[in-house]
Amino acid sequence: MDFNLSESFTAFQDADKDSFTLDDDPKVLLNNITDALAVSPESIGRDDVFDSLQMLVNCYPKLNSKKIQRELAYIVFSSMNNIAQNTINIIENGERDSFLLYKKYLELYGYATYCLLDYFSKEDFSGLGKKDKKTIENFNYQNKELSDSMEAIIMVLKINLSKLFVTTPERDLFISLFTRPIYQLMEFKERMKNNTVKLLMFRCISMAVKFHGHANVAQGSIISNLTFFEHLFGPLAELLQMLTDQYDYSQLTEEILRELSNKEYSEKDVNVPKTIAAFLTRLSELIPRVVMKQMTLIAQLLDNNSSTLRSAVIEACGNIITNICKDKEMYEIHKEQVDKFIDLLEGRLLDQYHYVRSKALQTMTKLCTLDVKFSTRRQEFLDLTVRSLQDKSSFVRKCALELITELVNNHSFSLLHGSQLDSEVWKARLEATEHQLEELDPTYKAMKEAEKEMLKEAQNFDEMDVDEEGNDEDEDGTPKGAQQDGDEEEEEKNKEEEEEQQQQKEDDDDDDDDDANNAANLSVINDDPIHKDQATINNIAKLKLTIQYYIDALKFIASLEKALELTSQLLYSKNKTDVIAAMEFFVLANAYDIRGNEIGIKRMLHLVWMKNGNDENDNIPKKLVECYHHLFLISPPNTSAIQHASYVAKNLCKLTYNASVADLASLEKLIYLMYKDKLIDDMIIKVLWQIYSFQQRIEEITERQQRKQRRGAIIILGMLGLADHTIALKGLDLLLSIGLGENGKEDLILQRYSCIAIQRIIPSAKNVEMVDDTNSNQFIMSREKEVIEKVTNILLYYTEDHEWYSIAEQAVSAIYGISQAPDEVCTEIIKRKTVEVLGDSENNNGAIIGLSQLLFIVGHVAIKTIVYLEKLETQFKKKKLQIEQSKTQNDEDGAQKENPDNELEMIGGTSEDDFADAVISIKEHHLLYDSNSILSRFKDIVKVICQSNYQYDNIILQRSATLCLSKLMLISSKYCEENLPLLITIMERSPDPIIRSNAVLALGDMAVVFNNLVDDNTDFLYRRLNDDNIMVQRTCLMTVTFLILAGQVKVKGQLSQMAKCLENKDQGISDMCKMFFTELATKDNAIYNSFIDLFSGLSNDEDLEQDSFEKIVKFVIGFINREKSNDKHIKQLSTKLLQRLKKAESEKQWKSVKFVLNCLEIKNEELDKEIKDAINEGYNMVSVEN
C-alpha cells in the first residue's frame, strides 16, 4: 500500500474541501468499512478499505445523514483505540518485525482522525443559547464524539512512539495530527465550557508534551492562542496546571513565562496585554510556586506601558504570598522572598496609573487577612495607605480605606488591654509603666535622657555636615578627596560590621519569646552594676518589652488619627463612593474609640441634605441613617427594653451638646428620617419626656450635665414633633410646667426650645394631607389662653441675659402659630412692654435693655405679621380652589348642594387678585402709616435711634434698633425707600460687625421683596465682601450667592469681587466661593457671558497679586472648557481677547490676556496660529519698550 502521511496531510490542508466528491453510495461504503474493521482494525491496511475510508472522511460534511457521520466517527475512533492497544502489546512483546506495519496503521488512523477533527473544529456553535433545539442536540452529540476521539488519542499517546518513528520530524508530524485540531477546537468558547472534553484535550496535550517532545510546538500554540483568543486565558492556565501537577512537567510553563516577560507589547493594542494579564493572574492562582521561580523575569513587566500587565504582576505577587503563607514552614523558608514581594507591592503604590495603585492596595488588604500577620510590616502598610488617602483617584482612596479598615480590625495591640485605641489611655499606660521601670531600675531615666541628648547631637551633627558641605578641605588642611581615598578600607570594614550586625539582628528577631527574654535579662545584668535578684531582672525585662509594645501601639494610633483627619475631608467629596467609604470608616473608628472620630461623625451630619442617587448604593441620606443607627441607636447586648430606650434617649441627647445652628438643622432632618424609618419608638419618646421633666438631683451626674441632658431631650422632642405633631401635643402639660415655668426661667435655653416644641404642636401641611391651618388650631384650642399667657410672661420678663432675644423670637413665632388672633395678642404685649419700659425711668440701664427688648419684639412681630398675611392669602386661594372643584363635581353629578356656612359664598364676587391687592394695601398703607396700627408708633423712634448712634451709643440697643428698622423696611416699599440710604450708611460705617452682618442680610431680603429699589445699590452689598471682619465677609458671600443663583439680582461686573473670594485666607469662604461658581456653571452659559467683565475687574485690580489672579482665572476658565458647546464659546472668547492682546496698553495687561489665552483649550487651528503669532509679536514689542 502506497501511503505517504506527509504528502496526504499537506494535500488535505491545501485542497479545496468542496472539490472532494463521493463516487459511491456512502452508506454502502460505510457498511463495507465497518464489516472489515469490526473483524480486525488492521484491515485498514487494505487498499479498498482505506480508499473508501479516505473518501468518506474527506467528504464528511457532504454525507447526507447525521447517522452516517456519527457511525463513521465511531468506527474510526474505536478502531484507532483498538489498534493503539494492539501496538502497545506488540512493542511490549518486542515484535520488531511488526513495527513498520503498525506504524503504517497508526498513520492511516491518525490521518482519518485528523480529517474528522478538522471538520469538527470548523463547525460554528457560537451563540449556542440562541440556537434551535436541534443545533443544541448536535452540539451535545459532537461533544460525545470528541470525548471518544480524545480517549483514542490518549491511548495512542501511551505508545512509545520513539520505537516506531525513527526520526523526530516523523514523530512530530504524527503528533501534530492530533494536537493541531485540538488547538483549533479550543478556539471556540462554547466547547471549552464542556468540562469533560476540556480535560481530555488537556490530557492529550500534556501527554504529547511530556512523552513525545511537543513542548516547543505547544509553547508557540499557547502564546498564539493567548494573543488572538481572549477566552482562553483561564483554560490554558488550567492546562499548564495539569501539566505541572499531574505530569510533573513545569518546564513548559517556565518557558512560556519567560517568553511573555521578554515580549514587547504595542501601546495601541489593548486586548493582548489584557489577556496576558488575566493569564498570569490565573496561573499564579493555580501554580504559584512555578510562577514564583520566574518572578524575576515577570517583574520586568512592571516597566511596561500597559497598566493591566503591571496589575497582573501585583496580583501574581499577592497570590504567591498567599500560597506561601498557608504553610508556616514554607513561610519561614521563603521569608526573604516574601519581603521582596511586599516591597514590590509597596513600590506600586506610586504607580502612574490609578488602577495599578488600587490593585496594590487590594492585594495588601488580602494579605492582611492571612494567618501570618506581618507584624513588622503593618505599621509601614498603614503609613503608606494613609498617604494614599490623598490620591487623586476616588477608587484608590476607597481601596485605601478598605485596607486601613482591615488593619484596624486585625490590629495586634489587643492582647493586653482589649481592642480600644484611645491614644490618651495608651499614653497614660506608657507613663505608668515607665514610672514602674524607673523605680526598679534607676538607670533607665538616665539612659532615656542620654538617648535624647544623643539624638539632639546627631541632629546638630547633620546640620553641621550640611553647613560644611561646600568646603574642599578639612580643618587640618587635608584635601577631602585624598582623605576619602585613605579611608576606603575603614569604610569597607565598617560596612562589613554593619552587615554582620544586621544579620545578627535578623537572627535575633527569629528567636522564640523565651530566648528574647533571656537576652533581655542578660542585657540587664550586664548593664546594671548593682546585683539584682532574678525576679527583679525578669520584671525589668518584662517592663521594657511592655514599654516598646506601648510605643508601637501609639505610633499605630497616631497614623490612624492622621487617617481620620484626611478621611474627614472626603465626606464632602463630589464622588459618592468617597463619601460612603468615609462614613463607614468613621463608624469603625468610633467602635475602636480612635480620637478624632467625633469630628467626622459631626461633619457627617450635614450629608443628610445630599440628593439621593439613582442607585440604591448611592443613597447618601439613607446611608447616613444607617451609620447613625449603628452609632447611637443600638444598645449593648442583653439589655432590656427600658434599658435600650434609656441608652438610645441619652445618646440622642448627647447629639445636641455643643451643636451649632447648622448642626441642629441637619440633626432635625436626620431625626425626621429616623422616625419615618421607625428607628425611634414610643418607649424612647417616653424616656425623653421623663428626662425633660425629672426634677430630682441625680447623684451620678453633675447638675450642669443634668441641665444639658434636659435641654437635649426637649430639642430632640421638638425635632420629633416636626415628624409627628402628636408627640409635642401629648407633652403639652410638661412644656407649660417645665419649659415655660420656673425651670424655664432658670434655664433660658430650655425655655427657648420649649417654645419651639410648642410650635410643633400644630401639624404642618407637609405631614398632614390637606390640613386646614385654621382647623389645625383646634388641636390646642381648649388651652390656647393658658399657653398664650405663659408665652406673654416670657416676652414681658425682664432679664439682662442676651439669650432672651432668641427666646423672644420663638415666643412670638409660637403666638402666631397657636393663637386665633395673633395680631391682637401681640398688640397687647407691645403695649404692656412699652408701659414697663417707659415707667422704669429711674434705672437708666434697665430702660435701655427694656427698650432694646421692646424694639426686638416690634421688629419680629412685623415680620411675623407679613408671614401671617401671606398665610391668610394662601388659605383663601386654597379654599377658593376647593369650592370651584366642588362646584364642578356637583355640576357633573347634576345636583348642586348648598353650603350656607361657607364664607366664600358670602363674598362670592371676591377674586384672588382682589384679596392680594387688599394684602398689599395693608402692608403699604396700614401697618406703618395707619394711626390705629401699633407698629406705626415705632417707625420714627427706630429711625431716630439708628440716626443718633452717638447719642444712643449702647451696642445692644443699636443692634435691636437696626434689626427692627430692617424688618419694618420689609413691610412697605415707601418706608424702605425712605430709609434705604440710612441702612446702607449703617452697613458701611457701623463699627459693630454684627450690625453690619444684619444690614447685609436685610439688604439681601429687600433685594427679593423690593427688587427695583435695591437693584441700583447692589454695589454697596458687594463691597462687604472686602470687609475687615470674616463674619461679615462670610455673611455677604452667602447672601450674594443666594441672590445670584436664585436670579434675584443680575450678574454684572461685580462678579470679579466674588471671584476674589476664591483666594480668601479663610478656607470656609474659599470653599463656599468654589461651590458658588460650580453651581453658577450649571446655569445657561452664565460663566461665559460674565467672563469678560470678570476678567476686566480682576486685571484692573491693583491690589490683586499676579499669582492669585492666575489661580482665579484658571479655576473659572475650567468651567468654560468643560461646557458642552465650548468650541463655539472658546472661539468667540478667544477672538475678543485677541483684540485686547493687540491693544494692550501695559505689560501687565498684555501678560494677563496672554495667560487667559493659554488657559483656553482652542481647537481651531487657524485661530490658534493667529494667537501664537500675536503673542510672539506682543512679546517682542514689550521687550523693545523695556
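Just so we're clear, the structure is a prediction, and the values are computed from it rather than from any experiment.

Thresholds applied
Residues numbered from 1 in each chain as written. Predicted model: local features only at pLDDT ≥ 70, side-chain atom pairs only at ≥ 80, totals over all residues. Heavy atoms only, no water. Salt bridge = Lys/Arg side-chain N within 4 Å of Asp/Glu carboxyl O. Helix = DSSP H or I, 4+ residues; strand = E, 2+ residues; numbered from the N terminus. Buried < 20%, exposed > 50% of the residue type's maximum accessible area, 1.4 Å probe, protein only. Contact = heavy atoms within 4.5 Å. Patch = residues over 30% accessible without salt bridge, like charges linked within 9 Å, V, L, I, M, F, W, Y side chains within 5 Å. Areas by Shrake-Rupley, 256 points an atom, 1.4 Å probe, with all protein chains shown as cover. Lys, Arg positive; Asp, Glu negative; His and termini not counted. Charge placed at Lys NZ, Arg CZ, Asp CG, Glu CD. 1 Å grid on protein atoms, 1.4 Å probe; cavity = no way out; pocket = protein on both sides within 12 Å on 5 of 7 lines; lining within 4 Å. Points joined across faces, edges and corners; volume = space filled by probe spheres on them. Nonpolar A, V, L, I, M, F, W, Y, C, P; charged D, E, K, R; others polar. Domains from an automatic or database assignment. Expected span 1.5 Å × (residues − 1). Axes fitted to C-alpha atoms, helices over the stretch in contact; angles between N-to-C directions. Parallel < 35°, antiparallel > 145°, perpendicular 65-115°, else oblique. Left-handed = near helix turned anticlockwise from the far one by under 90°. Polar contact = N/O pair within 3.5 Å; in protein donor to acceptor, adjacent residues only side chain to side chain. Phe/Tyr/Trp six-rings, centres within 6.5 Å; stacked < 30°, edge-to-face > 60°.

Summed over the entire model, instances satisfying the criterion amount to 38 salt bridges. Of the charged contacts in the structure, one is a salt bridge between Arg 377 and Glu 380, with a shortest N-O distance of 3.4 Å. Separated by three residues within a single helix, Arg 377 and Glu 380 lie in helix H19 (residues 375-388), roughly one turn from each other. The buried category is assigned to Arg 377, whose relative accessible area is 9%. A single network of salt bridges, built from pairs that share partners, joins Asp 339, Asp 343, Glu 346, Arg 377 and Glu 380.

What follows is about the side chain of Ser 250. With respect to the helices and strands, Ser 250 occurs in the loop between helix H10 (233-245) and helix H11 (251-262). Discounting chain neighbours no more than four positions away, the residues touching Ser 250 are Thr 244 and Val 290.

With that out of the way, let us pick up the environment of Thr 168. In this fold, Thr 168 is placed in helix H7 (residues 168-185). In the structure, Thr 168 is positioned 44 residues away from His 212 in sequence and 9.3 Å away in space, judged by C-alpha atoms.

This next bit is on a nonpolar patch on the surface. A grouping of Val 1008, Val 1009 and Phe 1042 is seen on the molecular surface, where their side chains present a nonpolar patch of about 260 Å² in accessible area. Within the secondary structure, Val 1008 is located in helix H48 (residues 993-1009).

This part takes up the environment of Leu 164. When you line up the elements, Leu 164 lands in the loop between helix H6 (133-157) and H7. For Leu 164, a relative accessible area of 3% corresponds to the buried category. For Leu 164, the residues in contact, after removing those within four places along its chain, are Thr 87, Ile 91, Phe 99, Lys 103, Leu 106 and Ile 159.

Now for the environment of Ile 88. Mapped onto the elements of the fold, Ile 88 is located in helix H4 (residues 66-93). Note on Ile 88: relative accessible area 18%, which makes it buried. Considering only alpha carbons, one finds Ile 88 and Lys 158, 70 residues apart in sequence, at a separation of 7.8 Å. Residues in contact with Ile 88, not counting those within four places in the same chain, are Met 155, Lys 158 and Ile 159.

This paragraph deals with a negative patch on the surface. Judged by side-chain charge, Asp 2, Glu 7, Asp 47 and Asp 51 come together as a negatively charged surface patch. When you line up the elements, Asp 51 lands in helix H3 (residues 47-58). With relative accessibility at 44%, the residue Asp 51 sits in the partly exposed group.

Per the stated rule, a full pass over the model turns up one cavity of 30 Å³ or more. Of the pockets and cavities examined, the largest cavity occupies roughly 40 Å³. What lines the largest cavity is simply Leu 1098, Ser 1099, Asp 1101, Leu 1104, Glu 1105, Gln 1106, Phe 1109, Lys 1148 and Ser 1152. Counting only elements with at least two residues in the lining of the largest cavity, the list comes to helix H54 (1086-1099), helix H55 (1106-1122) and helix H57 (1147-1159).

Unfilled space is identified by rolling a water-sized probe across the atoms. Estimates place the volume of the second largest pocket at around 1600 Å³. Along the wall of the second largest pocket there are 26 residues; nearest its centre are Tyr 572, Lys 574, Asp 1071, Lys 1074 and Met 1075. Of all elements in the fold, only helix H31 (661-676), helix H51 (1030-1045) and helix H53 (1067-1080) reach the threshold of two or more residues within the lining of the second largest pocket. Element by element, the count of residues in the lining of the second largest pocket is highest for H53, at nine residues. Across the lining of the second largest pocket, the residue classes break down as eleven nonpolar, eight polar and seven charged. In terms of domain composition, the lining of the second largest pocket takes at least three residues from each of domain 2 (635-752) and domain 3 (1063-1185).

Here we come to H7. Helix length check: H7, at 18 residues, gives a terminal C-alpha distance of 25 Å against a target of 26 Å (1.5 Å per residue), a fit within 8%. All buried positions along H7 are accounted for by Arg 171, Phe 174, Ile 175, Ser 176, Leu 177, Phe 178, Thr 179, Pro 181, Ile 182, Tyr 183 and Leu 185. Where the residues of H7 are buried, they touch helix H1 (5-14), H4, helix H5 (99-122), H6, helix H8 (195-212) and helix H9 (215-228).

This part covers the packing of helix H39 (residues 784-796) against helix H40 (residues 803-818). A pair of packed helices is characterised by two quantities: the angle between their axes and the separation of those axes. H40 packs onto H39 with a crossing angle of 155 degrees between their chain directions and a minimal axis gap of 9 Å. What the angle tells us is that H39 and H40 run roughly antiparallel. For the pair H39 and H40, the sense of crossing is left-handed. Two secondary-structure elements touch here, H39 through Glu 784, Val 787, Ile 788, Val 791, Ile 794 and Leu 795 and H40 through Trp 804, Ile 807, Ala 808, Ala 811, Val 812, Ile 815 and Ile 818.

What follows concerns H3. Spanning twelve residues, H3 covers 16 Å between terminal C-alpha atoms, matching the ideal 16 Å at 1.5 Å per step. What H3 keeps buried is the set Val 49, Phe 50, Ser 52, Leu 53, Met 55, Leu 56, Val 57 and Asn 58. Contacts from the buried residues of H3 go to H1, helix H2 (26-39), H4 and H5.

Another point: the side chain of Thr 799. By secondary structure assignment, the location of Thr 799 is in the loop between H39 and H40. Residue classification places Thr 799 among the buried residues on the basis of a relative accessible area of 13%. At a separation of 3.1 Å, a polar atom in the side chain of Thr 799 contacts the main-chain amide nitrogen of Asp 801.

The next subject is the packing of aromatic side chains. Applying the stated criterion across every chain yields a total of 30 aromatic pairs. The interplanar angle of 90 degrees and the centroid separation of 5.1 Å between the aromatic rings of Phe 174 and Phe 178 together place this pair among those described as edge-to-face. In this pair, Phe 174 and Phe 178 both sit in helix H7, four residues apart, roughly one turn of the helix. By relative accessible area, which is 0% here, Phe 174 ends up buried. Using a relative accessible area of 1% as the deciding quantity, one classes Phe 178 as buried. Measuring from centroid to centroid gives 6.1 Å for Trp 426 and Tyr 549, while their planes differ by 50 degrees, and the two rings are tilted. With a gap of 123 residues between them, Trp 426 in helix H21 (residues 423-440) and Tyr 549 in helix H26 (residues 534-570) connect regions that are remote in the sequence. The pair Trp 426 / Tyr 549 is uniform in exposure class, with both members buried.

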